[in-house]
Amino acid sequence: MTPRRTPSRTARACAAALLCAAAQAAAVPDDATRAFLWEQANTQAAAADRPEAYLKAAQTYNRLVNDGVSNGTLFSNLGAALVLAGDGANAAAAFERAERHLGATPETRQGLSAALALQAGRPHADLPWSRTALFWHYGLPCETRAWAALAGWTLFWLGALCRTHRRARATHATLRSLSDTGLLAGGLLALAFSASTAATLLLERHDRSAWPSRTFQTAAPLDLEDSP
């Protein structure tokens, strides 16, 4: 069986930078026990120098996840620790959950790319083309997309109201333009972002229920270095 590979130098650099940035940006949990676990995980990640130590930090971050904490910074830190531990599959899943809260950021894109590279056993991996085609779905947080869907529905019904008002009175060019714009733009926004939000909520619900069954692993000693 082919041994699993540890992260390349590029992946280690990206993940380490992400850990530092995320640790500084995160708000400390208000619960005392959760705050202690958060600080402990950050300390473990900062002091780690081998896959097993990063795995221990990831397991501490994951205790917060299993305790019900769910935010983008936590999943970003968890994903970065798993990349440095050499667990590409679970790291990719963590970064995907981070994106649902934060939207696609340079840090999550780099982290996800590093996780996919680990899974493929290569120094680098490109993100799937679907992330470019559906940039609005992956690029925006779920909450923002939900608000966009609500704005679309509001615009759609404003367009419908303008059309009703236009029929009740003499035809007016401005009302006709507002009606057509509201119905078309609002309908498209509502349809696209409602579907996007629903898909994200279903995926997050599935991941939340299945997450406790995940088993984190470290990489085998074999190291995959970048080409000179």
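Look a little higher up for the structure.
All of these numbers come straight from a predicted model, not from anything done at the bench.

S.K.: Lay out the packing of helix α2 (residues 32-47) against helix α3 (residues 51-66) in plain terms, naming residues and giving numbers.
M.R.: Close contact between α2 and α3 brings their axes to 8 Å; oriented N to C, the two are set at 160 degrees. Viewed along their axes, α2 and α3 adopt a mutual orientation that is roughly antiparallel. The two elements α2 and α3 meet at a crossing, and its hand is left-handed. Across the interface between the two elements, R34, L37, W38, Q40, A41, N42, Q44 and A45 from α2 touch Y54, K56, A57, T60, Y61, R63 and L64 from α3. Residue classes in the contact of α2 with α3 are distributed as eight nonpolar, four polar and three charged.

S.K.: Please set out the pattern of salt bridges residue by residue, giving values where relevant.
M.R.: Side chains that carry opposite charge are capable of pairing whenever their charged atoms lie near each other. Taken as a whole and judged by the stated rule, the model has six salt bridges. In this structure, E204 engages R97 in a salt bridge whose closest nitrogen and oxygen atoms are separated by 2.5 Å. In this pair, E204 sits in helix α10 (residues 173-210) while R97 sits in helix α5 (residues 88-102), placing the two residues 107 residues apart along the sequence. For the residue pair E204 and R97, the accessibility class agrees, reading buried in each case. Across the pair E99 and R131 runs a salt bridge whose closest N-O atoms are separated by 2.6 Å. Here the residue E99 occupies a position in helix α5, and R131 occupies one in helix α7 (residues 130-133), the gap between them amounting to 32 residues. For the pair E99 and R131, one class covers both residues: buried.

S.K.: Tell me about the packing of aromatic side chains, and name the residues and values.
M.R.: What the rule picks out here adds up to five aromatic pairs. Aromatic pair W136 and F193: ring centres 5.6 Å apart, planes at 70 degrees, arrangement edge-to-face. With a gap of 57 residues between them, W136 in helix α8 (residues 135-139) and F193 in helix α10 connect regions that are remote in the sequence. In this structure W136 comes out as partly exposed when scored by relative accessible area, which is 25%. Within the aromatic cluster, the residues linked to one another by ring pairs are W153, F156 and W157. Positioned above the aromatic ring of W211 is the side chain of R97, whose terminal nitrogen or guanidinium carbon lies 5.0 Å from the ring centre.

What counts, and at which threshold
Residues numbered from 1 in each chain as written. Predicted model: local features only at pLDDT ≥ 70, side-chain atom pairs only at ≥ 80, totals over all residues. Heavy atoms only, no water. Axes fitted to C-alpha atoms, helices over the stretch in contact; angles between N-to-C directions. Helix = DSSP H or I, 4+ residues; strand = E, 2+ residues; numbered from the N terminus. Parallel < 35°, antiparallel > 145°, perpendicular 65-115°, else oblique. Left-handed = near helix turned anticlockwise from the far one by under 90°. Contact = heavy atoms within 4.5 Å. Nonpolar A, V, L, I, M, F, W, Y, C, P; charged D, E, K, R; others polar. Salt bridge = Lys/Arg side-chain N within 4 Å of Asp/Glu carboxyl O. Buried < 20%, exposed > 50% of the residue type's maximum accessible area, 1.4 Å probe, protein only. Phe/Tyr/Trp six-rings, centres within 6.5 Å; stacked < 30°, edge-to-face > 60°. Lys NZ or Arg CZ within 6 Å of the ring centre and 35° of its normal.

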